[in-house]
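A closer look at the structure
Here are the chains, one letter per residue:
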Amino acid sequence: MDQVVDLNVGGVFYTTAASTLVQAQPSLLADRFSGRLDPLPKDSKGRYFIDRDGVLFRYVLDFLRDGKLSLPESFREKERLRLEAAYYRLDGLTERLREQRPGYITVGYRGTFAFGRDGLSDVNFRKIPRILICGRVQLCRDVFGDSLNESRDPDHGDTDRYTARFFLKHTSIEQAFDMLQEQGFYMAGSCGSGTAGGTSAAELKPGVDSEECRWNHYNEFVFVRDS
């Protein structure tokens, strides 16, 4: 007969079967309750004590029972649940969390059309000084990693907020598109605009071509990843 196990996880109590706790192999709980590691300490009521987030443990336990992850639509603690999955060494749960992170990322850039002195000959079609990234902070970090520059974003810490201040350390729009595609995103829409400025020669910075300053454009691309 399967042994019934009482748990105290961060002050929240659970009752489950020992076979459930050893379901995922290898994992910290499987090692603890199969005897490969020392058993967990017990509280004053004889319950096994785990010093972790007790509320989030319900999702860990559900995953061990069913092998699936089902989160409420309003759930906003995926980053914390990822930490719990890492602590319990549940690679399957970590992978499910990565798969179940839908969302939108907007990629935008300002550029210039630079024409040669003979009209369309010797055209340097596009110059991009910076690629802007907008979206949920953690989602942007997951996609762009070390290529994401966060120096203009002042609100560090909260990974579940949205920002319009990130930009990339490189200026290759095709590279940004490749990174989004590799992470399962597809383009849902785009828009662009162009302006013809009247910058005079006296207002130009040294070394800047007047034709280049005359034609500016801004483009945005909206990418989405479904759950």
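Everything that follows concerns the structure shown earlier in this document.
Calculation notes
Residues numbered from 1 in each chain as written. Predicted model: local features only at pLDDT ≥ 70, side-chain atom pairs only at ≥ 80, totals over all residues. Heavy atoms only, no water. Pairing = 2+ DSSP bridges. Helix = DSSP H or I, 4+ residues; strand = E, 2+ residues; numbered from the N terminus. Axes fitted to C-alpha atoms, helices over the stretch in contact; angles between N-to-C directions. Contact = heavy atoms within 4.5 Å. Parallel < 35°, antiparallel > 145°, perpendicular 65-115°, else oblique. Left-handed = near helix turned anticlockwise from the far one by under 90°. Nonpolar A, V, L, I, M, F, W, Y, C, P; charged D, E, K, R; others polar. Core = buried A, V, L, I, M, F, W, Y, C linked by side-chain atoms within 4.5 Å. Buried < 20%, exposed > 50% of the residue type's maximum accessible area, 1.4 Å probe, protein only. Salt bridge = Lys/Arg side-chain N within 4 Å of Asp/Glu carboxyl O. Phe/Tyr/Trp six-rings, centres within 6.5 Å; stacked < 30°, edge-to-face > 60°.

**Some remarks on the sheet that holds strand E3 (residues 48-50)**
Sheet architecture is open: 3 strands sit in the order E2-E1-E3, paired in mixed fashion. Of all the strands in the sheet, just strand E2 (12-17) and E3 have a single pairing partner and so form its edges. Neighbour to neighbour, the strand axes of the sheet diverge by 30° on average, direction disregarded. Bridge count for strand E1 (residues 4-9) against E2 is 6 bridges, and the pairing is antiparallel. Bridged to Val4 within E2 is Ala17. Its contacts with the sheet put helix H3 (residues 57-66) on E1 and E2, and the angle it makes with E2 is roughly 5°.

**Side note on the packing of helix H4 (residues 78-87) against helix H5 (residues 91-99)**
Between H4 and H5, the shortest axis-to-axis distance is 8 Å and the interhelical angle comes to 160°. Overall, the two elements H4 and H5 adopt an arrangement that is roughly antiparallel. When you trace H4 past H5, the crossing you get is left-handed. Here Lys78, Leu81, Arg82, Ala85 and Ala86 of H4 lie close against H5, whose contacting residues are Leu93, Thr94 and Leu97. Grouping the constituent residues of the contact of H4 with H5 by class yields 5 nonpolar, 1 polar and 2 charged.

**Let's talk about the nonpolar core**
Among the nonpolar cores identified, the biggest contains 27 residues, and Leu7, Phe57, Val60, Leu81, Tyr88 and Leu93 are the most heavily contacted of them. Of all the secondary-structure elements, those providing two or more residues to this core are E1, helix H1 (18-21), E3, H3, H4 and H5. In terms of residues, this core owes the most to one element, H3, which gives 6 residues. With near-sequence residues (within four places) excluded, Leu7 lies in contact with Val12, Phe13, Tyr14, Thr16, Leu21, Phe33, Arg47, Tyr48 and Phe57.

**A short note on the pattern of salt bridges**
Tallied over the entire structure, the rule returns 10 salt bridges. Across the salt bridge formed by Asp31 and Arg36, the nearest N and O atoms sit 2.8 Å from each other. Of the charged contacts, one joins Arg80 and Asp53 as a salt bridge, the two residues approaching to 2.8 Å between their closest N and O atoms. Here the residue Arg80 occupies a position in helix H4, and Asp53 occupies one in the loop between E3 and H3, the gap between them amounting to 27 residues. Salt bridges here are not isolated pairs; linked through shared partners, they connect Asp31, Arg36 and Arg89.

**Re the packing of aromatic side chains**
Per the counting criterion, the structure on display carries 7 aromatic pairs. Measuring from ring centre to ring centre gives 5.2 Å for Tyr14 and Phe57, while their planes differ by 65°; the resulting arrangement is edge-to-face. Of the two residues, Tyr14 sits in strand E2 while Phe57 sits in helix H3, which places them 43 residues apart along the sequence. The class for Tyr14 is buried, based on a relative accessible area of 15%. Among the residues examined, Phe57 registers a relative accessible area of 1% and is labelled buried. Members of the aromatic cluster, connected to one another through ring pairs, are Tyr14, Phe57, Tyr87 and Tyr88.

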